[in-house]
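Descriptive analysis of the structure
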Amino acid sequence: MERKKVIIVKDVYKTYHETKVPVKALRGVSIDIHQGEFTAIVGPSGSGKTTLLNLIGGLDRPTKGSIVVGDTDIATLSDNQLIDFRKEHIGFVFQSYNLIPVLTAKENVEFVMLLQKQPKAKRDARTAELMAAVGLADRMDNRPSELSGGQQQRVAVARALAPKPTFILADEPTANLDSKSTADLLDMMAKLNADEHITFVFSTHDQRVIDRARRIITIEDGKVLKDEWVQ
Amino acid sequence: MIAKIAWLNIWRSRTRSLVVISSIIIGIWSLVFLLAFMNGQVNNYISSIIENETSHIQIHTPQFKEDFEVDQLIPNADQLVAELGKSADIHAATGRILLNGMLSSSAAARGVMVKGIDLRLEQPVSHLQEKIISGQPIGSGRKNEIMLSQRMAEKLKVKLRSKVVLTFQNISSDITTAAFRVVGIYKTTSKRNDELYAFADIADLQRLAEMPQGSAHQIALLVNDFDATDTLAAEISNQHQLLKVETYKEISPDLELFNSQIKLNMIIMTTIFMLALIFGIINTMLMAVLERMKELGMLMAVGMNKLRVFFMVVLETLLIALIGAPIGMLLGYLTTQYLNETGIDLSTWSEALEEFGMANIIRPFVTADTFFIISIAVVITAVLASIYPAFKAIRLKPVQALRKI
Ligand SMILES: Nc1ncnc2c1ncn2[C@@H]1O[C@H](COP(=O)(O)OP(=O)(O)OP(=O)(O)O)[C@@H](O)[C@H]1O
Ligand SMILES: [Mg+2]
């Protein structure tokens, strides 16, 4: 069965001009991501993983090439439209600094829904559902500082899922976690992927994470080196 | 939710926030006190002029004010005084005879204006009795008693019970002399007035100057409601068209000028205080924004738009100011109230103050509009102070903010 394409990256180049010598971080990358994928982007440090995820997530703009998310070519969006687009369509999980430290886990998950002006009843129901899905139903009222690193990342996944995004982008979500927390987080993400067909795209160095992926895209020197499906 | 985040953010760097809040408290506290002190000083000055010189309203014949002619008398002034004194709007009324003349002792002679007064009516208007430093007030029933200021007594080298001779023109412009006995020595807060005025009984002056009984040059009034002075003066003027009715503002226009000068000073001082506060607030907020770069980057990444980020920083600043300002105003108010009751004794500098006709005890006070102006100034200050840090915050690019470890 051919699934719907949710991300189409076509011949994308990204050159950073912020340094004296321009850095060619991506040099002609083309990838299609389909609904329901559980995909790892791997490669050595400096290969361009973060750059690619930032471009797909609309946090930055490519130097050349096009990126279509859903049906939208994000190059056509203004900065402010891009912020709204991210709010509606893309869930982010970063390596760290994912949560607002002064708010509780529940409030963090609720936050984007509040920005979307969703009614309270709907927010409450969705928050409870997500906190249960990430296995933290009993930690609703804890602040991030009262949660372990793994628990914080799970709240971040719940937060990313809250507005029902088209897909979730996670840049090295397990880099700061121990093996047990890493396994737990991946179990949870895999379960959400299997049960609810949520699309995950994440970058990683970690072999244990790579082992769980169903598609592995390897980049090196800003180019796609390998693109393999795992059964 | 943004308001809640803003509020909670303030307490993340507790010490830093408390430092800036304290500086706001202290700044506003001292501002309130300073303004209250100025108010007290002005009030002192104005009430001393009203008490010693202008009253609230004065009535003369239209010509009197121009040349101080002895014959410019208000006929049946005593009846008018009695009538006005009965009015519910008028606190006190008294009639006076004013005679320019020469006062001489065996040692010296001085120009003088003798005010002929009815002590019983005069007391509530000018509180003369409280200013006597030795002897008694006039009006014991004996004839030709006079009260001199301490300065005048020194210049004439006379003491209590001494005799002085007053030379003046009577109503028919004949030069007349009369001997008076000094029964009281007084002292007001105005050196200038003390060098000029002496007080005698109105009946004595009427008799000596051959004026009709019950006549007066001047009727002085104190009103009950200070703010209604103008309307009341206009009313009296309407009823007595032949007389000239003037308010303290007309008699002493500099008082009004003084008042508007004070308002200007208040605005200037508030501005200076706010300028002093603004840099501290900018600095604090800038630190707060810069140390939260990653978090702000994350917020923008997940969909918080620039307007909301901007608003959050402005709100955070505003909240800091709004914690500090009311406490500062309350402390300022309490200090003012306390010092209003006890009074601030400035007698150390009294020499200089007397030149300006000011009393030694300053009672600071504040009015509601002072707090109103300060509140508005604080809000403006906070918003201005937040603009630069808020711009810093929204100029962040999420990618860059998140990249920096
Ligand atoms: N803002 C920037 N300015 C200049 N160069 C940059 C910038 N961001 C990234 N680069 C460079 O682009 C290249 C790709 O960086 P990127 O962060 O995408 O790599 P990565 O694969 O995510 O590495 P890591 O595994 O270490 O996270 C690197 O050489 C990096 O130094
Ligand atoms: Mg990276």
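Residues numbered from 1 in each chain as written. Chains lettered and ligands numbered in written order. Predicted model: local features only at pLDDT ≥ 70, side-chain atom pairs only at ≥ 80, totals over all residues. Heavy atoms only, no water.

Next up on the list: the interface of chain B and chain A. In this complex, chain B contributes 23 residues to the contact, which on the side of chain A involves 29 residues. Both sides together, the interface formed by chain B and chain A hides about 2,300 Å², and carbon and sulfur atoms give 68% of it. Linking chain B with chain A are 1 salt bridge. Here Glu107 of chain A makes a salt bridge to Lys4 of chain B, at a shortest N to O gap of 2.0 Å. Where chain B touches chain A, the interface holds 4 residue pairs in polar contact (both at pLDDT 80 or more). Of all elements in the fold, only helix 1 (2–10), helix 12 (293–301), helix 13 (306–342) and helix 16 (398–403) of chain B reach the threshold of two or more residues within the side of chain B that touches chain A. Of all the elements, helix 12 of chain B adds the most residues to the side of chain B that touches chain A, at 6 residues. For the side of chain B that touches chain A, the residue count by class is 12 nonpolar, 4 polar and 7 charged. (Contact = heavy atoms within 4.5 Å. Buried area = accessible area lost by both parts, 1.4 Å probe. Salt bridge = Lys/Arg side-chain N within 4 Å of Asp/Glu carboxyl O. Polar contact = N/O pair within 3.5 Å; in protein donor to acceptor, adjacent residues only side chain to side chain. Helix = DSSP H or I, 4+ residues; strand = E, 2+ residues; numbered from the N terminus. Nonpolar A, V, L, I, M, F, W, Y, C, P; charged D, E, K, R; others polar.)

The environment of ligand 1 is formed by 15 residues, the closest being Ser45, Gly46, Lys49, Thr50 and Thr51 of chain A. This site is not confined to one chain, since residues near ligand 1 come from chains A and B. Glu18 of chain A is positioned with one of its side-chain polar atoms (N or O) 3.1 Å from a nitrogen atom of ligand 1. Measuring from an oxygen atom of ligand 1, one finds a side-chain N or O atom of Glu172 of chain A at 3.3 Å. Calculation on ligand 1 without its partners gives an accessible area of 630 Å², and the protein chains cover 76% of this total. Of all the elements in the fold, those that place two or more residues in the shell around ligand 1 are strand 2 (23–34) and helix 1 (49–56) of chain A. At 3 residues, the largest contribution of residues to the shell around ligand 1 is made by helix 1 of chain A. Tallied by class, the residues present in the shell around ligand 1 amount to 4 nonpolar, 7 polar and 4 charged. (Near = heavy atom within 4 Å. Areas by Shrake-Rupley, 256 points an atom, 1.4 Å probe, with all protein chains shown as cover.)

Further remarks concern the packing of helix 3 (residues 105–115) of chain A against helix 5 (residues 149–161) of chain A. Between two packed helices, both the angle of their axes relative to each other and the distance between the axes serve to describe the pair. All names here are of chain A. The geometry of helix 3 relative to helix 5 is characterised by a closest axis approach of 7 Å and an angle of 30 degrees between their N-to-C directions. Between helix 3 and helix 5, the angle falls in the class roughly parallel. Here helix 3 and helix 5 pass one another in a crossing that is right-handed. Residue-level contacts link Ala105, Asn108, Val109 and Val112 of helix 3 to Val155, Ala158 and Arg159 of helix 5. For the contact of helix 3 with helix 5, the residue count by class is 5 nonpolar, 1 polar and 1 charged. (Axes fitted to C-alpha atoms, helices over the stretch in contact; angles between N-to-C directions. Parallel < 35°, antiparallel > 145°, perpendicular 65-115°, else oblique. Left-handed = near helix turned anticlockwise from the far one by under 90°.)

Residues and elements named next belong to chain B. A cluster of acidic residues, Glu66, Asp67, Glu69 and Asp71, forms a negative patch on the protein surface. Along the chain, Glu66 falls in helix 3 (residues 64–67). For Glu66, a relative accessible area of 68% translates into the label exposed. (Patch = residues over 30% accessible without salt bridge, like charges linked within 9 Å, V, L, I, M, F, W, Y side chains within 5 Å. Lys, Arg positive; Asp, Glu negative; His and termini not counted. Charge placed at Lys NZ, Arg CZ, Asp CG, Glu CD. Buried < 20%, exposed > 50% of the residue type's maximum accessible area, 1.4 Å probe, protein only.)

Take the domain arrangement of chain B next. Per the domain assignment, the segments making up chain B are domain 1 (2–49 + 256–404) and domain 2 (62–242). Averaged C-alpha coordinates put domain 1 of chain B and domain 2 of chain B at centres separated by 51 Å. (Domains from an automatic or database assignment.)

It is worth spelling out the pairing of strand 8 (residues 197–201) of chain B at this point. All names here are of chain B. Counting buried residues along strand 8, 4 of its 5 residues qualify, which places the element largely inside the surrounding structure. Judged from the 5 bridges that link them, strand 3 (residues 109–117) and strand 8 form a sheet pairing that is parallel. Within strand 8, the position partnered with Met113 by the bridge is Tyr197. (Pairing = 2+ DSSP bridges.)

Next up on the list: the sheet that holds strand 7 (residues 167–171) of chain A. Residue and element names in this part refer to chain A. Overall, mixed pairing links the 6 strands, which are arranged 6-7-8-3-9-10 in an open sheet. Two strands close off the open sheet at either side, each with one partner strand: strand 6 (90–93) and strand 10 (223–229). When the angles between neighbouring strand axes are averaged without regard to direction, this sheet yields 20 degrees. Taken together, the 4 bridges between strand 6 and strand 7 define a ladder with parallel strand orientation. What sits directly across from Ile90, in strand 7, is Phe167. Lying on the sheet, helix 2 (residues 79–89) is in contact with strand 6 and strand 7; it crosses strand 6 at an angle near 85 degrees.

Turning to the pattern of salt bridges, a few remarks are in order. All names here are of chain A. What the rule picks out here adds up to 26 salt bridges over all chains. A salt bridge links Lys87 to Asp84, with the nearest nitrogen and oxygen atoms 3.1 Å apart. Placement of both Lys87 and Asp84 in helix 2 is noted, with a separation of 3 residues, approximately one turn of the helix. Residue Lys87 is classed as buried on the basis of its relative accessible area, which comes to 7%. Three or more residues joined by partner-sharing salt bridges are found here, namely Lys106, Glu110, Lys120, Arg123 and Asp124.

Right, let's talk about the sheet that holds strand 2 of chain A for a bit. All names here are of chain A. Across the sheet, which stays open at both edges, the 4 strands sit in the order 2-1-4-5 with antiparallel pairing between neighbours. Two strands lie at the open edges of the sheet, namely strand 2 and strand 5 (72–73), each paired on one side alone. Where strand 4 (residues 64–69) lies against strand 5, 2 bridges are found, and the strand directions are antiparallel. Bridging across to strand 5, Val69 finds its partner in Thr72. Sheet strands touched by helix 1: strand 1 (5–16), strand 2 and strand 4. Its angle to strand 1, the strand with the most contacts, is close to 125 degrees.

In this section: helix 5 (residues 119–126) of chain B. Residues and elements named next belong to chain B. All of the buried residues along helix 5 are Leu119, Glu122, Gln123, Val125 and Ser126. Of the surrounding secondary structure, the elements contacted by the buried residues of helix 5 are helix 2 (14–54), strand 2 (90–104), strand 3 and strand 9 (218–223). Directly after helix 5, the chain includes His127, whose backbone phi takes a positive value near 50 degrees.

Let us now look at the environment of Glu146 of chain A. Residue and element names in this part refer to chain A. Residue placement: Glu146 occurs in the loop between helix 4 (120–133) and helix 5. Residue class for Glu146 comes out partly exposed when judged on its relative accessible area of 44%. Along the backbone, Glu146 and Ile56 are 90 residues apart, and their C-alpha atoms lie at a distance of 32 Å. Excluding anything up to four places from it in sequence, Glu146 contacts Arg139 and Asp141. Within the structure, the side chain of Glu146 is placed 3.2 Å from the side chain of Asn142, a separation counted as a polar contact.

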